[in-house]
Amino acid sequence: MTEFSSITYEVDEAVCVITMDRPEVANAQNTELLDEIDAAFDLADADDDVRVVILAGNGKHWSAGHDLKALVGDVEPDEWRLMRETPEGKWHHEKVMYFDRCLRIRDFRKPTIAAVQGKCIAAGVMLACMCDLIVASEDASFQNPVLRMTGAGVEILVEPWEMPARKAKEFLLTAESFSAEQAETLGMVNLVVPRADLASAARELADKIALVPPATAQVVKRSINKTLDLQGQRDAWDYHFQAHHWMHNTATALGALEARKSKGSMAEVFAEHRDP
Ligand code: ZN
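Residues numbered from 1 in each chain as written. Predicted model: local features only at pLDDT ≥ 70, side-chain atom pairs only at ≥ 80, totals over all residues. Heavy atoms only, no water.

As a further point, take the nonpolar core. Within the largest apolar cluster, 59 residues are counted, with the highest numbers of intra-cluster contacts made by Ile18, Trp62, Val116, Phe142 and Ile156. The residues contacting valine 116, other than those within four sequence positions of it, are Trp62, Ala128, Ile134, Val135, Ala136, Ser137, Ala140, Phe142 and Leu198. With 15 residues, the next largest nonpolar core counts Ala14, Val52, Ile113 and Val193 among its residues. (Core = buried A, V, L, I, M, F, W, Y, C linked by side-chain atoms within 4.5 Å. Buried < 20%, exposed > 50% of the residue type's maximum accessible area, 1.4 Å probe, protein only. Contact = heavy atoms within 4.5 Å.)

The next thing to look at is the state of the cysteines. Counted by the stated rule, this structure contains zero disulfides. Of all cysteine sulfurs, the one in cysteine 129 lies closest to cysteine 120, which takes part in no disulfide; the gap is 7.2 Å. Free of any disulfide, cysteine 131 has its nearest neighbouring cysteine sulfur in cysteine 129, separated by 8.7 Å. (Disulfide = S-S within 2.5 Å.)

A contiguous nonpolar patch, built from Val219, Val220 and Ile224 and spanning about 270 Å² of accessible area, is present on the exposed surface. If you trace the backbone, isoleucine 224 turns up in helix α10 (residues 214-230). (Patch = residues over 30% accessible without salt bridge, like charges linked within 9 Å, V, L, I, M, F, W, Y side chains within 5 Å. Areas by Shrake-Rupley, 256 points an atom, 1.4 Å probe, with all protein chains shown as cover. Salt bridge = Lys/Arg side-chain N within 4 Å of Asp/Glu carboxyl O. Helix = DSSP H or I, 4+ residues; strand = E, 2+ residues; numbered from the N terminus.)

Its 12 residues give helix α9 (residues 198-209) an end-to-end C-alpha distance of 17 Å, which sits within 8% of 16 Å, the value for a rise of 1.5 Å per residue. Buried within α9 we find Leu198, Ala201, Ala202, Arg203, Leu205, Ala206 and Ile209. (Expected span 1.5 Å × (residues − 1).)

Now for the layout of surface pockets. Here the second largest pocket is characterised by a volume of approximately 530 Å³. Residue contributions to the lining of the second largest pocket peak at seven residues, all from α10. Looking at side-chain class alone, the lining of the second largest pocket contains 15 nonpolar, five polar and four charged residues. (1 Å grid on protein atoms, 1.4 Å probe; cavity = no way out; pocket = protein on both sides within 12 Å on 5 of 7 lines; lining within 4 Å. Points joined across faces, edges and corners; volume = space filled by probe spheres on them. Nonpolar A, V, L, I, M, F, W, Y, C, P; charged D, E, K, R; others polar.)

Moving on, we come to the confidence of the model for the chain. Here the chain averages 94 in pLDDT, and 95% of its residues register 70 or above. Summarising per-element confidence for the chain, the mean pLDDT is lowest in helix α13 (residues 266-273) (57) and highest in strand β4 (residues 112-116) (99). (pLDDT = per-residue confidence, 0-100.)

Here we come to the pairing of β4. Each regular strand displays side chains that alternate between the two surfaces of the sheet. The element β4 is largely enclosed, with a buried count of five among its five residues. Residues Thr112, Ala114 and Val116 of β4 are buried on one face, and the alternating residues Ile113 and Ala115, pointing to the opposite face, are buried as well. Relative to β4, strand β3 (residues 52-57) runs parallel, the two being bridged by four bridges. In the sheet register, valine 53 faces β4, and the bridge partner there is threonine 112. Bridge count between β4 and strand β6 (residues 133-137): four bridges; the pairing is parallel. Following the sheet pairing, alanine 115 is matched in β6 by valine 135. (Pairing = 2+ DSSP bridges.)

Written as structure tokens, this is what we have:
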């Protein structure tokens, strides 16, 4: 059995639960966490007993997004961070680790369910939206506040596909947090349940889906994703990834990045951009 340190991996009958396990940093996504999620999907893919995958998060919050401390904070840089010194390195890092890794989940042949609680922020929203269904607890909230910090959204612009365009603009431009209930009304979330029932509600959905023969589930999932592709989802996401990277390399973004590096901690950066 593969040993993991940033996730846990459990299989019970036809259902596999991959749980992000960095609760001390609200499951912020660093290289190790993303590598382990990817490896866990490999295991779930190879295991014929697994028919449905649940992606969960341990602790109070589902995910705070990419681990900015690992990216720009005062910690030993990993090879990906070193690569980000050039525009082409930054592009390669985000293409491999963020864009392709996320689409791999979106295109995963078995159905997936995100079980979201607490805060789900920026790349956390992107990751949750890669799953086929989303179950949220009543305390869950969704927010993508990166525009204030110069980011042109995150690497995959899920918002116009998860809510009407006007709401997507509100969500991104105002950095407002949408409650689980609002997200359900918009169609971004399938089901909202009390926090204590989140795991069992996700499991109940997974058990229902597991009654569908795997080949059938796979074909129908692919057809629905193909429908989105034909509506332009994949092209729009390719366009956005390039636009996102153009923004990363503007004077506006590079200036803000330098200012950020001179701060003592990410807490100071966030304090600056908090709601007025
Ligand atoms: Zn980026």
